[in-house]
Amino acid sequence: MISESVKHFRFQVDPCENFDYISGQFITIHFEVNGKTLRRSYSIANPPQGDNIIEFAAGYVENGPGTDLLFNLQPDDVIRIAGPFGRLV
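Here the structure is a predicted model, which means the values were calculated and not measured. (Residues numbered from 1 in each chain as written. Predicted model: local features only at pLDDT ≥ 70, side-chain atom pairs only at ≥ 80, totals over all residues. Heavy atoms only, no water.)

Turning our attention to the overall build of the protein. A count of helical and extended segments in the protein gives one helix and five strands. When the helices and strands of the protein are read in sequence order from the N terminus, they spell out β-β-β-β-α-β. A compact globule built from 89 residues would reach a C-alpha radius of gyration of about 12 Å, and the protein, at 13 Å, matches this within 12%. Along the three orthogonal principal directions, the C-alpha set of the protein runs to about 35 × 30 × 25 Å. (Helix = DSSP H or I, 4+ residues; strand = E, 2+ residues; numbered from the N terminus. Rg over C-alpha atoms; globule rule 2.2 N^0.38 Å.)

Shown next as C-alpha coordinates:
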(Lines give C-alpha, C1' and ligand atoms only; values in the text may rest on other atoms or scores of the structure.)
Protein backbone atom coordinates (compact mmCIF):
# COMPACT_ATOMS: atom_id res chain seq x y z
CA MET A 1 0.00 0.00 0.00
CA ILE A 2 1.25 3.46 -0.90
CA SER A 3 -1.41 5.09 1.27
CA GLU A 4 -4.65 4.01 2.92
CA SER A 5 -6.44 3.98 -0.42
CA VAL A 6 -3.73 3.55 -3.07
CA LYS A 7 -1.97 0.29 -3.80
CA HIS A 8 1.17 -0.39 -5.84
CA PHE A 9 0.97 -3.33 -8.25
CA ARG A 10 3.78 -5.22 -9.93
CA PHE A 11 3.14 -7.79 -12.65
CA GLN A 12 5.26 -9.92 -14.92
CA VAL A 13 3.96 -10.14 -18.46
CA ASP A 14 3.98 -13.68 -19.87
CA PRO A 15 7.65 -14.37 -20.72
CA CYS A 16 6.74 -15.68 -24.20
CA GLU A 17 5.28 -12.25 -25.05
CA ASN A 18 7.62 -9.42 -26.04
CA PHE A 19 6.19 -6.51 -24.06
CA ASP A 20 7.95 -3.39 -25.29
CA TYR A 21 6.74 -0.01 -24.09
CA ILE A 22 8.04 3.49 -23.60
CA SER A 23 7.60 5.78 -20.63
CA GLY A 24 4.18 7.44 -20.60
CA GLN A 25 2.20 4.54 -22.02
CA PHE A 26 -0.61 2.60 -20.33
CA ILE A 27 -2.17 -0.86 -20.25
CA THR A 28 -5.83 -1.85 -20.17
CA ILE A 29 -7.00 -4.67 -17.90
CA HIS A 30 -9.89 -6.78 -19.22
CA PHE A 31 -12.11 -8.65 -16.77
CA GLU A 32 -15.57 -10.16 -16.50
CA VAL A 33 -18.31 -8.93 -14.15
CA ASN A 34 -21.83 -10.37 -14.36
CA GLY A 35 -21.22 -11.66 -17.88
CA LYS A 36 -19.91 -8.33 -19.19
CA THR A 37 -16.34 -7.58 -20.22
CA LEU A 38 -15.09 -4.45 -18.47
CA ARG A 39 -11.90 -2.56 -19.15
CA ARG A 40 -9.89 -0.28 -16.90
CA SER A 41 -6.73 1.55 -17.95
CA TYR A 42 -3.67 2.21 -15.80
CA SER A 43 -0.52 4.19 -16.55
CA ILE A 44 2.66 2.16 -16.47
CA ALA A 45 4.72 3.61 -13.64
CA ASN A 46 8.11 1.97 -14.12
CA PRO A 47 10.66 2.71 -16.85
CA PRO A 48 11.20 0.07 -19.54
CA GLN A 49 13.87 -2.37 -18.40
CA GLY A 50 13.43 -5.25 -20.86
CA ASP A 51 12.31 -7.66 -18.13
CA ASN A 52 8.56 -7.79 -18.95
CA ILE A 53 7.75 -6.26 -15.54
CA ILE A 54 5.10 -3.56 -15.35
CA GLU A 55 4.11 -1.53 -12.32
CA PHE A 56 1.23 0.82 -11.69
CA ALA A 57 -0.71 2.35 -8.83
CA ALA A 58 -4.48 2.15 -8.40
CA GLY A 59 -6.77 3.96 -6.01
CA TYR A 60 -9.52 2.24 -4.07
CA VAL A 61 -13.01 3.05 -5.38
CA GLU A 62 -15.83 1.81 -3.17
CA ASN A 63 -17.92 -0.78 -5.04
CA GLY A 64 -15.73 -0.32 -8.12
CA PRO A 65 -15.42 -3.48 -10.22
CA GLY A 66 -11.77 -2.73 -11.01
CA THR A 67 -11.11 -2.23 -7.32
CA ASP A 68 -12.74 -5.57 -6.49
CA LEU A 69 -10.52 -7.32 -9.01
CA LEU A 70 -7.22 -5.64 -8.18
CA PHE A 71 -7.47 -5.31 -4.43
CA ASN A 72 -8.37 -9.00 -4.08
CA LEU A 73 -5.59 -10.41 -6.25
CA GLN A 74 -3.27 -12.99 -4.76
CA PRO A 75 0.36 -13.68 -5.73
CA ASP A 76 0.52 -15.72 -8.96
CA ASP A 77 -3.03 -14.74 -10.05
CA VAL A 78 -3.28 -14.13 -13.79
CA ILE A 79 -5.04 -11.16 -15.40
CA ARG A 80 -5.65 -10.22 -19.04
CA ILE A 81 -4.17 -6.98 -20.33
CA ALA A 82 -3.92 -5.19 -23.64
CA GLY A 83 -1.35 -2.65 -24.64
CA PRO A 84 0.79 -0.80 -24.33
CA PHE A 85 -1.13 2.19 -25.62
CA GLY A 86 -0.68 5.94 -25.68
CA ARG A 87 1.33 8.62 -27.39
CA LEU A 88 1.72 11.07 -24.49
CA VAL A 89 5.34 10.15 -24.11
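When strand E2 (residues 26–33) meets strand E3 (residues 36–43), the two strands line up antiparallel, connected through eight bridges. Across the sheet, residue Phe26 finds its bridge partner in E3, namely Ser43. Taken together, E2 and the strand that follows it, E3, pair antiparallel across an intervening segment of two residues, in which Asn34 is found at a positive phi of about 50°. Bridge analysis of E2 against strand E5 (residues 80–85) gives four bridges, and the strand direction is antiparallel. Looking at the pairing, His30 lines up with Arg80 of E5. (Pairing = 2+ DSSP bridges.)

To continue, consider the environment of Gly86. Locating Gly86 in the fold gives a position in the segment after E5. Exposure remark for Gly86: the relative accessible area of 31% places this residue in the partly exposed category. Through-space distance from the C-alpha of Gly86 to that of Gly24 is 7.2 Å; in sequence the pair is 62 residues apart. If we ignore the near neighbours within four places in the chain, the residues touching Gly86 are Gln25 and Phe26. (Buried < 20%, exposed > 50% of the residue type's maximum accessible area, 1.4 Å probe, protein only. Contact = heavy atoms within 4.5 Å.)

The three strands are arranged E3-E2-E5 in an open sheet whose pairing can be described as antiparallel. Here the strands that pair on one side only, and so sit at the sheet edges, are E3 and E5. Here the average twist between neighbouring strands, direction ignored, is 25°. (Axes fitted to C-alpha atoms, helices over the stretch in contact; angles between N-to-C directions.)

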